[in-house]
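Breakdown of the fold
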Amino acid sequence: MSRAAYIFLDESGNFDFSANGTRYFVLTAVRMNRPSPAFPALMDYKYDCLENGADIEYFHCYDDSKNVRRSVFDLIAAHLGGMAIDCLVVEKAGVFPALRVDTRFYPAMLGYLLDLILRSELKDGKADEIIVITDTIPVNRKRRAVEKAARTTLSQMLPGVKYRVLHHQSRSHYGLQVADYCCWAVFRRWQRGESVWYDRIKPAVRNEILVGSVGERR
């Protein structure tokens, strides 16, 4: 069995800090080892969907039908034993103005969450290698700038910690699709007070940290 720890990340909420934006921004990480028993189950269910006439390329919680969403959450809930979920919930009103630009906000939040996860993983000797896979950076215009800033921020926040951060499209990994579902559930809990989906994944939630104030006043 591989000694690599895979950490799949996804985010919910937006980068709009005006009154029109979401109240919260949520980053969720799902830690798995290889092989993950959830992946074959998700692959089988995807083929079931295709054979029943549904045109599903990959699972995406927001876009999936209610029946598909319910079934995917059932599969995730059945395999929580192989997962650990860590969440960073940012109340955007508490983010100081200097940090509200794309190339600072996302890398800083990513750094806070990975600092929480990676030091624990490496300290406890749970893995020889940490591979972090995020969904493709959502800010298309500034993707390269944000990714560069993320690398710089992480190297400063996590000196001496060995890991790799890769940016892949969610359709390329069932792990990212699981992270998408988990992040959606956490976001709905905070943004709308809806806990029915969150309760399905709650047994695997290892950390759920609310950040009410972040950055520096300038």
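This text follows the structure it describes.
These numbers were taken from a predicted model, which means no experiment stands behind them.

A closer look at the nonpolar core
Core analysis: the biggest nonpolar cluster contains 40 residues, and F59 and I76 have the highest contact counts within it. Every element with two or more residues in this core is listed here: strand 1 (4-12), strand 2 (24-33), helix 1 (38-51), helix 2 (66-78), strand 3 (83-91), strand 4 (129-135), helix 5 (174-192) and helix 6 (198-201). For this core, the element with the most residues is helix 5, which contributes 11 residues. In this structure I76 touches M83, V178, Y181, C182 and I201, once residues within four positions along its chain are discounted. Within the second largest apolar cluster, 26 residues are counted, among which are F17, A29, V90 and Y106.

Things to note about the pattern of salt bridges
Side chains that differ in charge, positive against negative, can pair when their charged atoms come close. Across all of its chains, the model carries 6 salt bridges by this definition. One salt bridge connects E91 with R23, and the closest N-O pair in it is separated by 2.9 Å. Placement of the pair is E91 in strand 3 and R23 in the loop between strand 1 and strand 2, with a sequence separation of 68 residues. Given the relative accessible area of 22%, E91 is considered partly exposed. A salt bridge links R189 to E208; the nearest nitrogen and oxygen atoms lie 2.6 Å apart. In this pair, R189 is assigned in helix 5 and E208 in strand 6 (residues 205-211), connecting sequence segments 19 residues apart.

So, helix 2
Helical geometry note: an α-helix holds 3.6 residues per turn, so side chains three or four residues apart project in the same direction. With 13 residues, helix 2 extends 18 Å from end C-alpha to end C-alpha; this agrees with the ideal 18 Å at 1.5 Å per step. For helix 2, the elements touching its buried residues are helix 1, strand 3, helix 5 and helix 6.

Details of the sheet that holds strand 2
Ordered by their spatial adjacency, 6 strands build an open sheet running 5-4-1-2-3-6, and the pairing between neighbours is mixed. Pairing within the sheet leaves two strands with one partner each, and these edge strands are strand 5 (164-168) and strand 6. Within this sheet the neighbouring strands show an average axis-to-axis angle of 20 degrees, counted without direction. Where strand 2 lies against strand 3, 9 bridges are found, and the strand directions are antiparallel. When the bridges of strand 3 are listed, T28 appears paired with C87. Along the sheet face, helix 5 touches strand 1, strand 2, strand 3, strand 4, strand 5 and strand 6 and points at about 145 degrees away from the line of strand 2.

Thresholds, definitions, all that
Residues numbered from 1 in each chain as written. Predicted model: local features only at pLDDT ≥ 70, side-chain atom pairs only at ≥ 80, totals over all residues. Heavy atoms only, no water. Core = buried A, V, L, I, M, F, W, Y, C linked by side-chain atoms within 4.5 Å. Buried < 20%, exposed > 50% of the residue type's maximum accessible area, 1.4 Å probe, protein only. Helix = DSSP H or I, 4+ residues; strand = E, 2+ residues; numbered from the N terminus. Contact = heavy atoms within 4.5 Å. Salt bridge = Lys/Arg side-chain N within 4 Å of Asp/Glu carboxyl O. Expected span 1.5 Å × (residues − 1). Pairing = 2+ DSSP bridges. Axes fitted to C-alpha atoms, helices over the stretch in contact; angles between N-to-C directions.

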